[in-house]
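Results of the structural survey
Listed below are the residues making up each chain.
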Amino acid sequence: KQQQEKQQQEKQQQEKQPQQKQQSEKGPQQTNTQHQRTVATEAISSKATGGSSWQGTLSKSGQKHCQAVCSQHGEASVGTAACEPLGWPDVIDVLQRAELSYVLGSVFKSTAPHLRALRWLHPAPGPENTKGFMKLSSYLGERLRAGMIKIPKTQTLPARKFYLIPPSSSVCAAMGIEKASQRESLLVLICYSTEKG
């Protein structure tokens, strides 16, 4: 009888070993799945509260221009990009500029719809905010440039690039979006990075 019990215990141990091996192999996959679920949860939570919004400081080369606001309206994006503005920093500082023709002809067209979003940026209430906002908008418009901001990746979001674009009828037509009714506005093109690491 003791010999039979011993054989049964050995058989149970042998059955457990393949299961433990399978669980150890699933580790990285489970981590990736948890990461995807976290991003999806953020997106769902954002939509459930009626869309994201942002208010913060708009600067150029470290110099504050104004307080600005951005809400979830613009291009009908898909995926996580649809929840923009998502996790924006308190200060958006324009440190670089890009040719407007390059942004429209290359960046926008080559970025897949699920990796980009278009949003409108406006000055926060108050004459000083409007004045500072329009100063930056005019600066970019006169030079046919887009202001560029790089946002580093987080635990749940990839690195992103923001392009602040002075809107015009031709720009909006090229991007397939209606021009904002508010004169004091900048178009924000948000592009998600696909680079790993």
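Throughout what follows, the structure given in this document is the object of discussion. All values derive from a computational prediction rather than experimental measurement. (Residues numbered from 1 in each chain as written. Predicted model: local features only at pLDDT ≥ 70, side-chain atom pairs only at ≥ 80, totals over all residues. Heavy atoms only, no water.)

1. Points about the overall build of the protein
Put simply, the rule is: Per the convention used, a helix needs a DSSP run of H or I reaching at least four residues, while a strand needs a run of E reaching at least two, with both numbered from the N terminus. The criterion used for residue contact is that any of the two residues' heavy atoms lie within 4.5 Å. To be clear on the numbers: accessible area is Shrake-Rupley with a 1.4 Å probe, and residue cover counts the displayed protein chains and nothing else.
When its secondary structure is counted, the protein shows five helices and eight strands. Helices and strands appear in the protein in the N-to-C order α-α-β-β-β-β-α-β-α-β-β-α-β. If you take every contact in the protein between residues at least 6 apart in sequence, the share linking residues at least 24 apart comes to 74%. By element, 47% of the accessible surface of the protein is carried by carbon and sulfur atoms, the whole surface being about 12,200 Å².

2. Here we look at the side chain of Ser185
Keep this limit in mind: Here the term buried applies to any residue with accessible area under 20% of the maximum for its type, exposed to any over 50%, and partly exposed to those in between, with areas from a 1.4 Å probe on protein chains only.
By the element assignment, Ser185 lies in the loop between helix 5 (169–175) and strand 8 (186–192). Judged by relative accessible area, Ser185 falls into the buried class, the value being 3%. When sequence neighbours within four positions are dropped, the list of residues in contact with Ser185 reads Trp120, Leu121, His122, Phe133, Ser137, Pro167 and Ala180.

3. As for the side chain of Glu84
Put simply, the test is: In protein, a polar contact requires one atom able to donate a hydrogen and another able to accept it; more generally it is a pair of N or O atoms within 3.5 Å, and residues adjacent in sequence count only if both atoms are side-chain atoms.
Looking at the secondary structure, you find Glu84 in the loop between strand 2 (63–74) and strand 3 (91–94). Exposure remark for Glu84: the relative accessible area of 0% places this residue in the buried category. At a separation of 2.9 Å, a polar atom in the side chain of Glu84 contacts the side chain of Arg160. Looking at Glu84, its side chain comes within polar contact range of the side chain of Tyr192, at 2.5 Å.

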